[in-house]
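# Inside the fold
Residues per chain, in single letters:
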Amino acid sequence: MLTMTGVSKRYDTGDLALNDITLTVPAGQVMALIGPSGAGKSTLIRCVNRLIEPSAGKVVLDGDDITRVRGSALRLSRRKIGMIFQNYALVERLSVMENVLSGRLAYVGFWRSYLRRYPRADIQQAFHLLERVGLESMFDKRGDELSGGQKQRVGIARALMQNPKLLLVDEPTASLDPKTSRQIMRLICELCREQKLAAIINIHDVALAQQFVDRVVGLRAGSMVFDGHPSELSPAV
Ligand code: ADP
Ligand code: ADP
């Protein structure tokens, strides 16, 4: 589903943030990306959603060469990527339902007018996703009335509303307590397997990642230093 080939990134400052990364994440696989601060995790994620352009190498998502597409083709490719954030990035004064529906319009402007006349099929899908994340009874609550775990459930439903092929997940549990963190990780990983989504989860908590993911990739100073099953991970990484 996602293939990175020889991807490197050198920032204008001269920092080599990614050094010749080659990896494939097949549909249905959940990969955790771990490594110390500054290792290049955010840079890798930003090369995949093309917030930055790699200095070398190729990123192919679902057949689209992300490193070459521009303009509207890039927007279409990005729609295949669902993003889940550490701080949820909800619109707090909109309802849970509206937040989920807004996922349909990620990267497209004018979503405010869309919210006034969204298609019935979209509402049904949003409601179905809210059921799947366990929030159907809260569809009309405002974003700012939710707990952190509930906000992240909305964030997950919003990402899936896009019918993505790939989920990019940035520190999904960094603001949550341990029990809620486990519930959220379990939910993300179950949904990826059910819907055959590839996922890259940038995560600090290695023990938590190990419990749920299929694969761990370790970065250090921009290079890949580990790629394997979570059970093969030594405590030293
Ligand atoms: P985190 O580890 O939480 O991802 P970082 O400290 O790596 O946070 O980055 C925070 C922001 O600062 C990012 O948007 C990144 O682009 C920017 N940044 C990080 N390092 C540098 C740097 N050396 N020069 C310029 N911007 C940087
Ligand atoms: P991580 O997400 O693992 O903390 P980053 O990808 O944020 O790592 O950073 C990797 C390296 O690239 C670090 O040395 C950081 O300082 C540098 N870096 C990150 N963003 C920028 C930026 N916008 N400009 C210059 N250097 C950056």
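See the structure above.
Nothing here was measured: the structure is a model prediction, and the numbers come from that model. (Residues numbered from 1 in each chain as written. Chains lettered and ligands numbered in written order. Predicted model: local features only at pLDDT ≥ 70, side-chain atom pairs only at ≥ 80, totals over all residues. Heavy atoms only, no water.)

Relative orientation of the contacting elements helix α6 (residues 148–160) and helix α7 (residues 178–194) amounts to 15°, with a least axis distance of 10 Å. Classed by the angle they form, the pair α6 and α7 counts as roughly parallel. In this structure, the crossing between α6 and α7 has a hand that is right-handed. Contacts between α6 and α7 involve G149, Q152, R153, I156 and L160 from the former and T180, Q183, I184, L187, I188 and L191 from the latter. Among the residues forming the contact of α6 with α7, the class breakdown is 6 nonpolar, 4 polar and 1 charged. (Axes fitted to C-alpha atoms, helices over the stretch in contact; angles between N-to-C directions. Helix = DSSP H or I, 4+ residues; strand = E, 2+ residues; numbered from the N terminus. Parallel < 35°, antiparallel > 145°, perpendicular 65-115°, else oblique. Left-handed = near helix turned anticlockwise from the far one by under 90°. Contact = heavy atoms within 4.5 Å. Nonpolar A, V, L, I, M, F, W, Y, C, P; charged D, E, K, R; others polar.)

So, on to the pattern of salt bridges. Taken as a whole and assessed by the stated rule, the structure comprises 10 salt bridges. Between D62 and K80 there is a salt bridge, with its nearest N and O atoms 3.0 Å apart. Of this pair, D62 sits in the loop between β4 (56–61) and β5 (64–65) while K80 sits in the loop between α2 (71–78) and β6 (81–84), and the two are 18 residues apart along the sequence. In this structure, E92 and K151 form a salt bridge, with 3.3 Å as the shortest nitrogen-oxygen distance. Taken together, the residues span a long stretch of sequence, with E92 in the loop between β6 and α3 (96–102) and K151 in helix α6 at a distance of 59 residues. Using a relative accessible area of 14% as the deciding quantity, one classes K151 as buried. Salt bridges sharing common partners tie together D62, D64 and K80. (Salt bridge = Lys/Arg side-chain N within 4 Å of Asp/Glu carboxyl O. Buried < 20%, exposed > 50% of the residue type's maximum accessible area, 1.4 Å probe, protein only.)

None of this, on its own, says anything about what the molecule does.
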